[in-house]
Amino acid sequence: MKSIELNIQDALYFAEKQYEATQGEAVEAITKLEKGTGLGSDYIGWVNLASQTPAELVEKINATAARLRANCEYVVCIGIGGSYLGAKAVNTALSDSFADYYAPKPNEPKVLYAGQNIGEEYTAELQKLLEGKKFGIIVISKSGTTTEPAIAFRILRDQLEKQAGTEVSKDLIVAITDASKGALRTMADQEGWETYVIPDNVGGRFSVLTPVGLLPIAVAGHDIAKLLQGAADMEKATEHPGPDNMAEVYARMRNALYRSGKKIELLVNYTPKLHFFSEWWKQLYGESEGKDGKGIFPASVDNTTDLHSMGQWIQEGERSIFETVISVKKPAVSVLVPENAANLDGINYLAGKHVDEVNKMAELGTKIAHVEGGVPNMRIEIDRLDEYVLGQLIYFFEKACGISGYLLDVNPFNQPGVEAYKKNMFALLEKPGYEAETAAIKTKIQG
Ligand code: PA5
């Protein structure tokens, strides 16, 4: 059952001709994805992943999660990019916004994140928080060699082993990595940590429905079987080309807008719970499409917060943007605006209304203003925020991303541009093996 509706009416008339022109290409794109005949097809394992995930894997992940939940006050997930954003997106969407401000309870560890930056203060403050605490580590890296998580893991593993002892630590570390390659695989095999494999044919940004996302999501107490079920149902709903295939419609509409001169897509939410979902989406589309001198720039805003910071630009700035709004039909809770006898703030006209009724009117008012201001608007309405619906939403965006990349005629599954900064950083840090690059970059910066 579909719990998501896509409406493109307020975008279509901005680029109707271009939209019609993409129909045949979209059919081809879907066929390439389903048959594995397109660019980068070594990395389309995600297309049927959710429907093919064995129940035993889900049980094993839940058992590992239960062990970590029983033995830890904090579980630190170490990873970056695709090895971090999916879990962070789902956990932020489904967990209490203030969960981290409550004291840890038995069997309900706080899930923290590390290795997604190289901030010294962040690292020191995390070390301080974990001092004397019972904690575990999930370390995630497909390549097993990424510098940011490697540094965080070395530091936190050292702390864990000092606090809990090397033997006890073995049960508190789980590694998620390649089946046979990389430094993390070598270490895990030597140390005897429990491991999970990231399938060869699934790239980082498409890996949230593998153990990469599933384990941290299960540790946070969410139902990963429902997440997979939602994704599997969307898999079925977007298998064949046609007007009912919402992934196709979204991919075609954004591509048509791009062809008509709209170069920036803003993913818009009206609940802070979706902030990191947008971060996940930005990586998915940014790394998949931004290449060969092409690609829509994926940006995001959290409304109504950002209407008070970015609203001016969106309403009246350069007309090169379009918006895709994710709107949650109904919140899971109820808060009413109370009556106030003095009414000094003048908002008694809202008394008795749900906070969400005001939010929805802000959303509608914003849409009308932005569309009139020349900003095409697509709207994705989701029934609620739960595992099943998020599973659908994740797969919907993944499938649309694959189609969209093929419509753009790029390989959506590689990321050659990410290597450039690494090469320079290694040269500057004088990493063994980079001697020639070190000499070259030193000459460059010394002029
Ligand atoms: O999508 C991708 O491939 C990247 O964002 C990677 O996920 C990210 O660079 C982390 O790589 P790894 O999992 O190899 O440490």
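If you're wondering where the values come from, they're calculated on a predicted model, not measured in any experiment.

Colleague: Mind laying out unusual backbone geometry, listing which residues take part and the relevant values?
Modeller: Following Asn-303, the chain continues to Thr-304 via a peptide bond in cis, the omega torsion being 10 degrees. Along the chain, Thr-304 turns up in the loop between β8 (297-302) and α15 (311-316). Backbone geometry places Asp-292, a non-glycine residue, at a positive phi of 55 degrees. Within the secondary structure layout, Asp-292 lies in the loop between α14 (275-289) and β8. Not every positive phi belongs to a glycine, and Glu-430 is a case in point at roughly 55 degrees. Mapped onto the elements of the fold, Glu-430 is located in the loop between α18 (419-428) and α19 (435-446).

Colleague: Requested: an account of the site of the ligand, with residues and values cited.
Modeller: The full set close to the ligand counts 13 residues, and Ser-83, Ser-141, Ser-143, Thr-146 and Gln-283 are the nearest of them. Contact distances for the ligand include 2.5 Å between an oxygen atom and a side-chain N or O atom of Gln-283. Protein burial of the ligand: of its 390 Å² of free accessible surface, 88% is covered by the chains. Class assignment of the residues belonging to the shell around the ligand gives a composition of 1 nonpolar, 9 polar and 3 charged.

Colleague: I'd like to hear about empty space enclosed by the protein, residue by residue, with values.
Modeller: Counted according to the given criterion, the structure contains 1 cavity of 30 Å³ or more. Within this model, the largest cavity holds a volume of roughly 60 Å³. Taken together, Val-268, Tyr-270, Asn-303, Glu-323, Val-325, Glu-363, Thr-366, Lys-367, His-370, Asn-377 and Arg-379 make up the lining of the largest cavity. Contributing elements (two or more residues each) for the lining of the largest cavity: β9 (321-328), α16 (355-372) and β10 (377-382). Of the residues forming the lining of the largest cavity, the biggest block, 4 residues, is contributed by α16. Along the lines of polarity and charge, the residues of the lining of the largest cavity split into 3 nonpolar, 4 polar and 4 charged.

Colleague: Let's hear about the sheet that holds β10: which residues, and what values?
Modeller: Reading across from one edge, β1-β10-β9-β7-β8 is the order of the 5 strands in this open sheet, with mixed pairing throughout. The open sheet terminates on both sides in strands that have one partner only, identified here as β1 (4-7) and β8. With direction set aside, neighbouring strand axes in the sheet form an average angle of 20 degrees. Sheet topology note: the strand β7 (residues 264-269)/β9 ladder contains 6 bridges and is parallel. Residue pairing in the sheet places Val-268 in a bridge with Val-325 of β9.

Colleague: An account of the domain arrangement of the protein chain is needed here, citing residue identities and associated values.
Modeller: When its domains are assigned, the protein chain resolves into domain 1 (4-40 + 236-407) and domain 2 (47-227). Between domain 1 and domain 2, the C-alpha centre-to-centre distance is 29 Å. Domain 1 puts 23 residues into the contact, and the matching count from domain 2 is 24 residues. At the boundary of domain 1 with domain 2, total buried surface from both sides reaches about 2100 Å², with 65% on carbon and sulfur atoms. In terms of surface lost to domain 2, no three residues of domain 1 exceed Lys-273, Phe-276 and Glu-387, which account for 32% of the buried area on that side. Put simply, domain 1 and domain 2 have 1 salt bridge between them. Where Glu-287 meets Arg-205, a salt bridge forms, and the shortest distance between an N and an O atom there is 3.0 Å. In this structure, the connection of domain 1 to domain 2 is made through 7 residue pairs in polar contact (both at pLDDT 80 or more). Looking at the side of domain 1 that touches domain 2, the elements with two or more residues in it are α3 (23-35), α14 and α17 (387-407). The class makeup of the residues in the side of domain 1 that touches domain 2 is 12 nonpolar, 3 polar and 8 charged.

Colleague: Hey, could you go over α18 for me, with residue numbers and the actual values?
Modeller: Every α-helix carries 3.6 residues per turn, so stepping three or four residues along brings you back to the same face. All of the buried residues in α18 are Lys-422, Met-425, Phe-426 and Ala-427. Where the residues of α18 are buried, they touch α8 (147-164) and α19. Positive phi appears at Glu-430, one or two residues downstream of α18, with a value of about 55 degrees.

Colleague: An account of the environment of Tyr-258 is needed here, citing residue identities and associated values.
Modeller: Within the element layout of this structure, Tyr-258 appears in helix α13 (residues 246-259). The spatial distance from the C-alpha of Tyr-258 to the C-alpha of Ala-15 is 9.0 Å, given a sequence separation of 243 residues. Those residues in contact with Tyr-258, other than ones at most four positions away along the chain, are Lys-263, Lys-294, Gly-295, Ile-296 and Leu-408. A polar atom in the side chain of Tyr-258 sits 3.0 Å from the backbone nitrogen of Gly-295.

Colleague: Help me get a handle on the pattern of salt bridges, residues and values and all.
Modeller: Evaluation of the coordinates by the stated rule reveals 26 salt bridges. Put simply, Glu-430 and Lys-442 hold a salt bridge, and the shortest N to O gap is 2.7 Å. In this pair, Glu-430 sits in the loop between α18 and α19 while Lys-442 sits in helix α19, placing the two residues 12 residues apart along the sequence. Taking relative accessible area as the criterion, Glu-430 reaches 48% and is therefore assigned partly exposed. Connected via shared salt-bridge partners are Arg-157, Glu-161, Lys-170 and Glu-191.

Colleague: Can you lay out the sheet that holds strand β5 (residues 173-177) for me, pointing to particular residues and giving the numbers?
Modeller: As summarised here, the arrangement of the 5 strands in space is β3-β2-β4-β5-β6, forming an open sheet in which the pairing is parallel. Two strands close off the open sheet at either side, each with one partner strand: β3 (110-114) and β6 (194-197). Direction aside, neighbouring strands of the sheet carry axes that sit 20 degrees apart on average. As judged from the 5 bridges shared by strand β2 (residues 74-78) and strand β4 (residues 135-141), these two strands associate in the parallel manner. Bridging from a neighbouring strand, Tyr-74 pairs with Phe-135 of β4. On the sheet, helix α10 (residues 183-191) packs against β4, β5 and β6 and is oriented at approximately 140 degrees with respect to β5. Contacts from helix α11 (residues 211-219) reach β2, β3, β4, β5 and β6 within the one sheet, and its direction differs from that of β4 by about 160 degrees.

Definitions and cut-offs
Residues numbered from 1 in each chain as written. Predicted model: local features only at pLDDT ≥ 70, side-chain atom pairs only at ≥ 80, totals over all residues. Heavy atoms only, no water. Helix = DSSP H or I, 4+ residues; strand = E, 2+ residues; numbered from the N terminus. Near = heavy atom within 4 Å. Polar contact = N/O pair within 3.5 Å; in protein donor to acceptor, adjacent residues only side chain to side chain. Areas by Shrake-Rupley, 256 points an atom, 1.4 Å probe, with all protein chains shown as cover. Nonpolar A, V, L, I, M, F, W, Y, C, P; charged D, E, K, R; others polar. 1 Å grid on protein atoms, 1.4 Å probe; cavity = no way out; pocket = protein on both sides within 12 Å on 5 of 7 lines; lining within 4 Å. Points joined across faces, edges and corners; volume = space filled by probe spheres on them. Pairing = 2+ DSSP bridges. Axes fitted to C-alpha atoms, helices over the stretch in contact; angles between N-to-C directions. Domains from an automatic or database assignment. Contact = heavy atoms within 4.5 Å. Buried area = accessible area lost by both parts, 1.4 Å probe. Salt bridge = Lys/Arg side-chain N within 4 Å of Asp/Glu carboxyl O. Buried < 20%, exposed > 50% of the residue type's maximum accessible area, 1.4 Å probe, protein only.

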